[in-house]
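Structural overview for review
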Amino acid sequence: MIVMLGVSLLPWPASAAMARQEAVRFLAEYQAALETRSHDALKALFADDVRIRIDLEEAGGPSQRFTLTRARFLQQIFALWRFASEQAYTFSRPQYADSEDGTLTITVTQTEQRQLFGVEGGQRDVMTMVLDHRNGVLQIVDLHSSSRLW
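Treat the numbers as computed from the prediction; the structure is a model and nothing was measured.

A few words now on the pattern of salt bridges. Following the criterion strictly, the structure yields 6 salt bridges and no others. Two residues, Asp55 and Arg65, come together in a salt bridge whose shortest N-O distance is 2.5 Å. In this pair, Asp55 is assigned in strand E1 (residues 46-58) and Arg65 in strand E2 (residues 64-68), connecting sequence segments 10 residues apart. A relative accessible area of 16% places Asp55 in the buried class. Overall, the relative accessible area of 68% leaves Arg65 in the exposed class. Glu57 is paired through a salt bridge with Arg148; the nearest N and O atoms lie 3.8 Å apart. With Glu57 in strand E1 and Arg148 in strand E6 (residues 137-149), this residue pair connects regions lying 91 residues apart in the sequence.

Attention now moves to the packing of aromatic side chains. Under the counting rule described, the total for this entry stands at 5 aromatic pairs. For the pair Phe78 and Trp81, a centre-to-centre distance of 5.2 Å together with 40° between the ring planes defines the contact as tilted. Of this pair, Phe78 and Trp81 are both found in helix H3 (residues 70-83), 3 residues apart, which corresponds to roughly one turn of the helix. Of the two residues, Phe78 and Trp81, neither departs from the other in class, the shared state being buried. Pairing Phe83 with Phe117 gives two aromatic rings, centres 5.8 Å apart and planes at 35°, and the pair type is tilted. Here Phe83 is found in helix H3, whereas its partner Phe117 is found in the loop between strand E4 (104-116) and strand E5 (119-134), with 34 residues between them in sequence. Put simply, the rings of Tyr30, Phe46, Phe73 and Phe91 pair up and form one aromatic cluster.

Our next topic: helix H1 (residues 16-35). The end-to-end C-alpha distance of H1, which contains 20 residues, comes to 28 Å, matching closely the 28 Å that a straight helix rising 1.5 Å per residue would cover. Among the residues of H1, Ala19, Glu22, Ala23, Phe26, Leu27, Glu29, Tyr30, Ala32, Ala33 and Leu34 are the ones counted as buried. Looking one or two residues beyond H1, the residue adopting positive phi is Arg37, at roughly 55°.

Right, let's talk about the confidence of the model for the protein for a bit. Of the residues in the protein, 90% have a pLDDT of 70 or more, and the chain-wide mean is 88. The weakest mean pLDDT in the protein belongs to H1 at 91; the strongest belongs to helix H2 (residues 39-44) at 98.

This part is about the sheet that holds E4. The 6 strands are arranged E2-E1-E6-E5-E4-E3 in an open sheet whose pairing can be described as mixed. Pairing within the sheet leaves two strands with one partner each, and these edge strands are E2 and strand E3 (84-98). Neighbour to neighbour, the strand axes of the sheet diverge by 20° on average, direction disregarded. Relative to E2, E1 runs antiparallel, the two being bridged by 5 bridges.

In this structure, E4 lies alongside E5, joined through 13 bridges in antiparallel fashion. In the sheet register, Gln115 faces E5, and the bridge partner there is Glu120. Taken together, E5 and the strand that follows it, E6, pair antiparallel across an intervening segment of 2 residues, in which Asn135 is found at a positive phi of about 50°.

Thresholds applied
Note that residues are indexed from 1 along each chain, following the sequence as it is written. The predicted nature of this model means local features are confined to residues of pLDDT at least 70 and side-chain atom pairs, given and counted, to a pLDDT of 80 or more, with totals for whole chains, interfaces and linings taken over all residues. Water and hydrogen atoms were dropped before computing side-chain values, which therefore reflect all heavy atoms in the structure. One side-chain nitrogen of Lys or Arg within 4 Å of one carboxyl oxygen of Asp or Glu is enough to make a salt bridge. Helix and strand definitions follow DSSP, with helices as H or I runs of at least four residues and strands as E runs of at least two, each counted in order from the N terminus. Summary of the burial criterion: residues with accessible area below 20% of their type's maximum are buried, those above 50% are exposed, and those between are partly exposed, where the area comes from a 1.4 Å probe applied to protein chains only. Stacked, tilted and edge-to-face pairs are distinguished by plane angle, under 30 degrees for stacked and over 60 for edge-to-face with tilted covering the rest, among Phe, Tyr and Trp rings (Trp via its six-membered ring) whose centres lie within 6.5 Å. Helices are assigned an expected span. That span is 1.5 Å times one less than the residue count. A residue's pLDDT is the confidence the predictor assigns to it, expressed on a 0 to 100 scale. At least two DSSP bridges between two strands are required for those strands to pair. In this analysis, axes come from line fits to C-alpha atoms, helices being fitted only over the stretch in contact, and the angle between any two N-to-C directions falls in the range 0 to 180 degrees.

Here you go:
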């Protein structure tokens, strides 16, 4: 399957069906950017002023809550790309919703398996991404992830 890595430049959809199509396409672009480890494609999917909240649960440890800037969030992903091997992503249970304010919401479970410094592990993220057009480009403006490491 060929997936376009660019961000959609279409005008905001006029119907719920078109909104869903654009959200499905956006999720495919997000997944492709991760799988191909494309820095530029992944950066383009996030608004400069995106709000990112992470609820992190580690086995045997207390839950933690983080708020990250776009740069810090991407830095974490890029560091894993650099140091992890045998990294694989799967996406399941996507749900799409549009709202009256013109935004789209995607909720999806992302599972990542990797080997980091010789140790196998991974994480499961239940992510909610709110998408909006910024300067004519569909981007993530709010991201909340409930993440569990193993």
